[in-house]
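Listed here are the chains, written in short residue letters.
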Amino acid sequence: MNAILTQIESIKQAFAQDLQKVQTLKEFDDLKVSFLGKKSSLQALLAGMKDLGADERREVGPALQEAKTGIEQALEVARQAFTERKAKAAIDKELYFDVTAKRPGGVRGHIHPYSQAIEEIEDIFMSMGYEVLDGPELETDFYNFTALNIPQDHPARDMYDTFWTNKKSMLMRTHTSPVQVRSMESKELPLAGIVPGRVYRHEAVDATHEIQFLQCEGFFIDKNVTVSHLFATAQTFLKQLFKKDELDIRIRPGFFPFVEPGFEIDMRCPFCSKGCSVCKKSTWMEVFPGGMIHPNVLRAGGIDPDVYSGFAFGFGLSRLVMLKYGIDDIRHLYGGKLKFLEQF
Ligand code: FA5
């Protein structure tokens, strides 16, 4: 066979092989340049035609033209098919995206039992017309003690093991009660508010005591407020929180310098009938300390105690959460152990 014809055949074969390997549009362009471009072997053969004799030209000419057109057409067809395949793949991906497919290995979070309890407590009090209030955790001596009828050197300060700071008269609040006078100063009367929040005490940690725990303060100030309002509020709240139509509660005298008279409201232990380790064998649990706001506290908040009266309470929210969910150790609540938290 004519040497040029042999060369044309091997160009056609090389092209067919390279065409199989093309993966991108750019590779199509590159292939076109290398087989049809100015520097391609085919162009060199075409340019050499003028040097051939008439017979040879008659033999080689049509073969060269046929190879050139064949390559051009094959490229065009393959390019078109490639573009269509790509477009279809994109549509298929969108059409057949399975929204119900299971995501492997995801860890699902949920609301912490503290936050669940705070939300529930807020809902109960808001349904009774209370608003949710807030105050600083880094507090002054004045709001934490003095304004609450606990002046400097008063022995009642020993009831609260306080974390003092390097800043004079600044402390980590030992209870949520400082928000009582803060709210009296900033709000209009009548005033009904609750303050769920974190408090701090420098205490030995055990199953029922933490150095950082949650309390919820509450107060209602208006004309003619009496202790019966306090007892009715405590009962309504505890019944709703523990989802009971009847709830056995008892009321004992209690001492807090900022209330007069002061009370401890207890409820029957929800875990036993004869006494257990949670209720310390007494069958009663202290859940709701409170009382009538002391006239000195109303005065500190700029309220005339001869015209207005009010009650206040401040329960251990951490303890109520333990009771509600049957948690026997307060340290679990901030432990962050997923095995424990996943139960709620
Ligand atoms: C007070 O802190 C008063 N401010 C409550 C109050 C407010 C009384 C308004 C009257 C009027 P007490 O120190 O008893 O009171 O604390 C209240 C509750 O906090 C306790 O009943 C207990 O449930 C919880 N508590 C106290 N210390 C700790 C602690 N270290 N860890 C967890 N809970 C605690």
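Residues numbered from 1 in each chain as written. Predicted model: local features only at pLDDT ≥ 70, side-chain atom pairs only at ≥ 80, totals over all residues. Heavy atoms only, no water.

Undergrad: What exactly am I supposed to notice about the pattern of salt bridges here?
TA: It is possible for side chains of opposite charge to pair when their charged atoms get near one another. If you walk through the whole model with that rule in mind, you get 18 salt bridges. Between Lys12 and Glu9 there is a salt bridge, and its shortest N-O distance comes to 3.3 Å. In this pair, Lys12 and Glu9 both sit in helix H1 (residues 3-21), three residues apart, roughly one turn of the helix. Of the residues examined, Glu9 reaches a relative accessible area of 35% and is grouped as partly exposed. Notably, a salt bridge pairs Asp266 with Arg250, separated by 2.9 Å at the nearest N-O pair. Highlighted residues: Asp266 in strand E7 (residues 259-268) and Arg250 in strand E6 (residues 249-253), separated in sequence by 16 residues. Three or more residues are tied together by salt bridges with common partners; here these are Arg250, Arg252, Asp266 and Glu286. (Salt bridge = Lys/Arg side-chain N within 4 Å of Asp/Glu carboxyl O. Helix = DSSP H or I, 4+ residues; strand = E, 2+ residues; numbered from the N terminus. Buried < 20%, exposed > 50% of the residue type's maximum accessible area, 1.4 Å probe, protein only.)

Undergrad: Teacher, can you tell me more about the sheet that holds strand E4 (residues 191-200) here?
TA: In a beta sheet, neighbouring strands are held together by backbone hydrogen bonds and run either parallel or antiparallel to one another. The sheet built from seven strands is open, its strands ordered E1-E4-E5-E9-E8-E7-E6 with mixed pairing. Across the chains shown, the open sheet's two edge strands, defined by having one partner strand only, are strand E1 (131-132) and E6. When strand E5 (residues 212-222) meets strand E9 (residues 309-316), the two strands line up antiparallel, connected through eight bridges. Bridge pairing in E9 links Ile221 to Gly310. Of the strands in this sheet, E4, E5, strand E8 (284-293) and E9 touch helix H7 (residues 178-186), which is tilted by about 40° from E5. Contacts from helix H10 (residues 317-325) reach E4, E5, E8 and E9, with the element oriented near 60° to E9. (Pairing = 2+ DSSP bridges. Contact = heavy atoms within 4.5 Å. Axes fitted to C-alpha atoms, helices over the stretch in contact; angles between N-to-C directions.)

Undergrad: Just checking my understanding: could you explain the site of the ligand for this structure?
TA: The local shell around the ligand holds 22 residues, among which His175, Ser177, Arg201, Glu203 and Glu210 are the closest. Here a nitrogen atom of the ligand sits 2.9 Å away from a polar atom, N or O, in the side chain of His175. At 2.6 Å, a side-chain N or O of Glu203 approaches a nitrogen atom of the ligand. Here the ligand has 670 Å² of accessible area as a free molecule, and 93% of this is covered by the chains. The pocket occupied by the ligand, as judged from atoms lying within 2 Å of grid points, is the largest pocket. Going through the elements one at a time, E5 and E9 are the ones with two or more residues in the shell around the ligand. Examining the composition of the shell around the ligand, we find that four residues originate from one element, E9, more than from any other. Of the residues in the shell around the ligand, the class split is eight nonpolar, nine polar and five charged. (Near = heavy atom within 4 Å. Polar contact = N/O pair within 3.5 Å; in protein donor to acceptor, adjacent residues only side chain to side chain. Areas by Shrake-Rupley, 256 points an atom, 1.4 Å probe, with all protein chains shown as cover. 1 Å grid on protein atoms, 1.4 Å probe; cavity = no way out; pocket = protein on both sides within 12 Å on 5 of 7 lines; lining within 4 Å. Sits in = over half its atoms within 2 Å of the grid points. Nonpolar A, V, L, I, M, F, W, Y, C, P; charged D, E, K, R; others polar.)

Undergrad: Any chance you could explain H1 here in plain terms?
TA: The α-helix winds at 3.6 residues per turn, so residues separated by three or four positions along the chain end up facing the same way. With 19 residues, H1 extends 28 Å between its outermost C-alpha atoms, agreeing within 8% with the 27 Å of an ideal straight helix rising 1.5 Å per residue. Within H1 the residues assigned to the buried category are Ile4, Leu5, Ile8, Ile11, Phe15 and Leu19. All buried residues of H1 fall inside an arc of 110° around its axis, so they share one side. When the buried face of H1 is taken as reference, the exposed residues oriented beyond 90 degrees from it are Ala3, Gln13, Gln17, Gln20 and Lys21. Packed against the buried residues of H1 are helix H2 (25-36), helix H3 (41-47) and helix H4 (54-95). Where H1 begins, one side-chain oxygen reaches toward the backbone nitrogen of Ile4, 2.6 Å away; that side chain belongs to Asn2. (Expected span 1.5 Å × (residues − 1). Arc of directions from axis to C-beta.)

Undergrad: Could you clarify how one ought to interpret the packing of helix H5 (residues 113-127) against helix H8 (residues 227-241) in this entry?
TA: Close contact between H5 and H8 brings their axes to 10 Å; oriented N to C, the two are set at 135°. With respect to each other, H5 and H8 are oriented oblique. For the element pair H5 and H8, the recorded crossing hand is right-handed. Here H5 contributes Glu120, Ile121, Ile124 and Phe125 to the contact with H8, which in turn contributes Thr233, Phe237, Gln240 and Leu241. (Parallel < 35°, antiparallel > 145°, perpendicular 65-115°, else oblique. Left-handed = near helix turned anticlockwise from the far one by under 90°.)

Undergrad: Looking at this structure, how should I read the domain arrangement of the protein?
TA: When the parts come together, some accessible area is lost, and that loss is often what is quoted as the size of the interface. Under the domain assignment used here, the protein contains domain 1 (2-95) and domain 2 (113-341). For domain 1 versus domain 2, the distance between C-alpha centres works out to 87 Å. (Domains from an automatic or database assignment.)

Undergrad: Would you mind showing me how to read the packing of aromatic side chains here?
TA: Each pair of aromatic rings is reported with the distance of its centres and the angle of its planes. Scanning the model with the defined rule gives 20 aromatic pairs in all. Note on Phe145 and Trp164: the rings are 6.4 Å apart at their centroids and 35° apart in plane angle, and the pair reads as tilted. Linking Phe145 in the loop between helix H6 (141-144) and strand E3 (170-172) with Trp164 in the loop between H6 and E3, this pair joins segments that are 19 residues apart in sequence. Residue classification places Phe145 among the buried positions, given a relative accessible area of 0%. (Phe/Tyr/Trp six-rings, centres within 6.5 Å; stacked < 30°, edge-to-face > 60°.)

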